[in-house]
Amino acid sequence: MTLVPELAAAHRAPVDWQPGSWRGLPIHQQPDWPDPLAVRAVADELALQPPLVLPAEITSLQRQLASVASGQSFLLQAGDCAETFRSCTEQGVRSKLRVILQLAILLTYGSGLPVVKVGRIGGQFAKPRSKPTEVVDGVELPVFRGDIVNSPEPTPEARVPDADRMRRAYHHASATLNVLRALTQGGFADLDQVHAWNQEFVLASPAGRHYEAAADAITWALRFMSACGVDTGGMQALHQVQLFTSHEALLPEYEQSLTRFDQATGSWFDTSAHLLWIGDRTRQLDGAHVEFLSGVANPIGLKVGPSTTADDLRALCDRLDPDFVPGRLVLIARLGAERVGDLLPPLLRAVRSTGHSPVWACDPMHGNTFVSQSGYKTRRLSDITAEIAGFFSAHRAEGVHPGGVHLELTGDDVTECLGGADEVLDTHLGTRYETACDPRLNASQSIELAFQIAQLLREHHA
Ligand code: PEP
Ligand code: CO
């Protein structure tokens with residue numbers, strides 16, 4: 001069979017790989033399902049459902065990531081720490097898309113580079129946790145593992161893992177994607193709407209006003225182009241965007257049920273999202289998660305935390321990308337503002353020596369989390385900015401492209417992270433602390449950060 005040339009680069013599964021070959025291998029962070037037969041029944045049902053995303057879209061993302069890896073584009077991966085079934089409403093999806101569009105346009109305009117947009121959306125329902133139980137009001141309860149597993153209410157009944165939630169997760173992901181596809185193809189994502197993406201409450205903040213000025217400049221540039229005779233109305237790229245989906249592939253049971261063989265490429269695709277990532281707690285070379293993801297042709301993200309050694313990373317790159325497929329791997333460094341300068345350079349060198357050319361992205365969130373005096377889990381915008389700056393300078397020193405950022409944010413007016421020009425203080429955290437898991441940047445903080453990233457990018461590519 002001859003392959004279509006542009007599809008020929010899809011990753012092929014190792015010969016001894018099967019969608020179920022992860023079973024029986026060491027596995028971390030799994031729910032203690034009380035009814036394994038119910039889990040199997042749901043997986044069997046999902047195996048008959050339509051894919052959520054298509055192989056051609058997945059390979060298109062991979063090609064765009066290849067262009068990121070070679071320094072010609074930038075990756076913005078952003079969204080909730082944990083999506084909830086409750087936030088799966090038109091308004092909820094619109095609000096997340098809005099802030100992603102705002103950041104993407106600021107990065108594009110500020111850096112002059114195309115931005116590949118990937119949401120932590122449409123399936124980000126499963127959470128790894130630092131402990132299996134927690135104590136609430138003196139009662140020890142199983143921890144909340146995300147809406148795909150159990151319910152966050154602090155009662156023993158709510159915390160029992162329920163297999164039916166995997167089925168509901170599929171349907172919520174499907175509904176989210178349905179709205180996303182409509183919003184990104186229809187008028188909402190049109191560049192004409194660049195002012196409308198700015199919400200009332202953001203407009204009043206310094207970041208919101210700064211955004212308005214950039215939006216004015218973009219609107220003016222579009223008018224200028226059409227005055228010059230360019231048919232801007234007919235240019236699809238100005239009126240639609242492509243937003244890819246991603247989530248942590250924490251539950252191989254769920255991921256396997258949505259994995260399909262594609263005749264055209266001869267590859268297996270996990271059709272639950274375009275990009276799947278492996279968390280920092282589940283990246284064991286001989287573990288179930290790495291085995292499962294080594295066989296699917298989706299671009300694979302790999303969280304790189306402070307305990308990652310150069311040897312680990314080399315071995316993981318070889319295992320996950322044995323054929324050196326450009327755009328196959330996204331290494332997501334989450335080392336913390338204090339340690340990024342020491343820990344990242346040896347890792348960049350180690351990967352370069354392997355000949356793999358992954359996208360290197362900076363997750364400035366997960367290495368900078370702490371519990372504040374008021375008792376809330378939080379992050380400082382200043383630490384987040386500092387880690388990104390450290391990430392860029394390590395890349396500059398090593399001659400590697402800083403490929404992208406991976407952010408936890410929301411379009412809503414929450415008070416979960418500290419700092420920003422409209423400063424969120426420790427005493428404010430309780431006002432609107434709404435996250436289902438980790439603290440997210442609010443819309444104003446996100447926009448402020450985007451200006452800083454755009455500046456770093458512009459300097460890097462000057
Ligand atoms: C996350 O991205 O929400 C997460 C849990 O990250 P990490 O695996 O890097 O801790
Ligand atoms: Co998180």
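Residues numbered from 1 in each chain as written. Chains lettered and ligands numbered in written order. Predicted model: local features only at pLDDT ≥ 70, side-chain atom pairs only at ≥ 80, totals over all residues. Heavy atoms only, no water.

Enquirer: An account of the layout of surface pockets is needed here, citing residue identities and associated values.
Expert: In this structure, the largest pocket spans a volume of roughly 1,000 Å³. Forming the walls of the largest pocket are 38 residues, and the residues nearest its centre are F144, E434, T435, A436 and C437. Put simply, the parts of the chain that give the lining of the largest pocket at least two residues each are α3 (90-111), β3 (133-136) and α4 (164-185). Sorting elements by how many residues they give to the lining of the largest pocket places α3 first, with 4 residues. A breakdown of the residues in the lining of the largest pocket according to their chemical character gives 11 nonpolar, 12 polar and 15 charged. Estimates place the volume of the second largest pocket at around 510 Å³. Taken together, 19 residues make up the lining of the second largest pocket; nearest its centre are I105, K117, A237, Q240 and V241. Those elements that place two or more of their residues in the lining of the second largest pocket are α3 and β2 (115-120). (1 Å grid on protein atoms, 1.4 Å probe; cavity = no way out; pocket = protein on both sides within 12 Å on 5 of 7 lines; lining within 4 Å. Points joined across faces, edges and corners; volume = space filled by probe spheres on them. Helix = DSSP H or I, 4+ residues; strand = E, 2+ residues; numbered from the N terminus. Nonpolar A, V, L, I, M, F, W, Y, C, P; charged D, E, K, R; others polar.)

Enquirer: I'd love a proper account of the coordination of the cobalt ion (ligand 2), names of residues and values included.
Expert: Protein coordination of the cobalt ion (ligand 2) is provided by C81 (SG), H366 (NE2), E408 (OE) and D438 (OD), with donor distances spanning 2.1 to 2.4 Å. By relative accessible area, which is 18% here, H366 ends up buried. (Donors = N, O, S within 2.8 Å, 3.2 Å for Na, K, Ca; no water. Buried < 20%, exposed > 50% of the residue type's maximum accessible area, 1.4 Å probe, protein only.)

Enquirer: Which residues make up the nonpolar core, and what are the values?
Expert: Generally speaking, nonpolar side chains in soluble globular proteins are found buried as a group. Counting 84 residues, the largest nonpolar core has L76, L344, W360, I388 and L407 as the members making the most contacts within it. Ranked by the residues each element gives to this core, the list is headed by α3, at 10 residues. (Core = buried A, V, L, I, M, F, W, Y, C linked by side-chain atoms within 4.5 Å.)

Enquirer: An account of unusual backbone geometry is needed here, citing residue identities and associated values.
Expert: Located in the positive-phi region is Q29, a residue other than glycine, with phi close to 65 degrees. Residue placement: Q29 occurs in the segment before α1 (36-46). Judged by its relative accessible area of 17%, Q29 is buried. Phi at F324 takes a positive value of approximately 55 degrees, unusual for a residue other than glycine. Residue position: F324 is located in the loop between α9 (310-320) and β10 (329-333).

Enquirer: For the site of ligand 1, give the residues involved together with the corresponding values.
Expert: Every residue lining ligand 1 is accounted for by C81, R120, K127, P128, W277, G279, D280, R281, K303, R334, H366 and E408. Within the contact set of ligand 1, an oxygen atom lies 2.7 Å away from a side-chain nitrogen or oxygen of R334. Contact between ligand 1 and E408: an oxygen atom at 3.1 Å from a side-chain N or O atom of the residue. Summarising the interface, the protein chains cover 98% of the accessible area of ligand 1, which totals 300 Å² for the free molecule. Classifying every residue of the shell around ligand 1 gives 3 nonpolar, 2 polar and 7 charged. (Near = heavy atom within 4 Å. Polar contact = N/O pair within 3.5 Å; in protein donor to acceptor, adjacent residues only side chain to side chain. Areas by Shrake-Rupley, 256 points an atom, 1.4 Å probe, with all protein chains shown as cover.)

Enquirer: Let's hear about empty space enclosed by the protein: which residues, and what values?
Expert: Summed over all chains, the structure comprises 2 cavities of 30 Å³ or more. Taken as a whole, the largest cavity spans an internal volume of roughly 50 Å³. Listed by contribution, the elements that provide at least two residues to the lining of the largest cavity are β5 (243-248) and α7 (252-257). Empty space within the second largest cavity amounts to approximately 40 Å³. A per-class count over the lining of the second largest cavity returns 3 nonpolar, 3 polar and 2 charged.

Enquirer: Describe the sheet that holds strand β14 (residues 404-408), listing the residues and the values that go with them.
Expert: The sheet built from 8 strands closes into a barrel, its strands ordered β1-β2-β5-β8-β9-β10-β11-β14 with parallel pairing. Ignoring strand direction, the axes of neighbouring strands in this sheet form an average angle of 25 degrees. Alignment of strand β11 (residues 359-362) against β14, held across 2 bridges, turns out to be parallel. Residue C362 lies in a different strand from β14, and its bridge partner there is V405. (Pairing = 2+ DSSP bridges. Axes fitted to C-alpha atoms, helices over the stretch in contact; angles between N-to-C directions.)

Enquirer: Explain the side chain of K127 to me, and be specific about the residues and the numbers.
Expert: Topologically, K127 is positioned in the loop between β2 and β3. No salt bridge is formed by the buried K127; its nearest oppositely charged neighbour, E408, is found at 4.7 Å. Within polar-contact distance, the side chain of K127 engages the backbone oxygen of C81 at 3.1 Å. (Lys, Arg positive; Asp, Glu negative; His and termini not counted. Salt bridge = Lys/Arg side-chain N within 4 Å of Asp/Glu carboxyl O.)

Coordinates in, geometry out; function isn't part of it.
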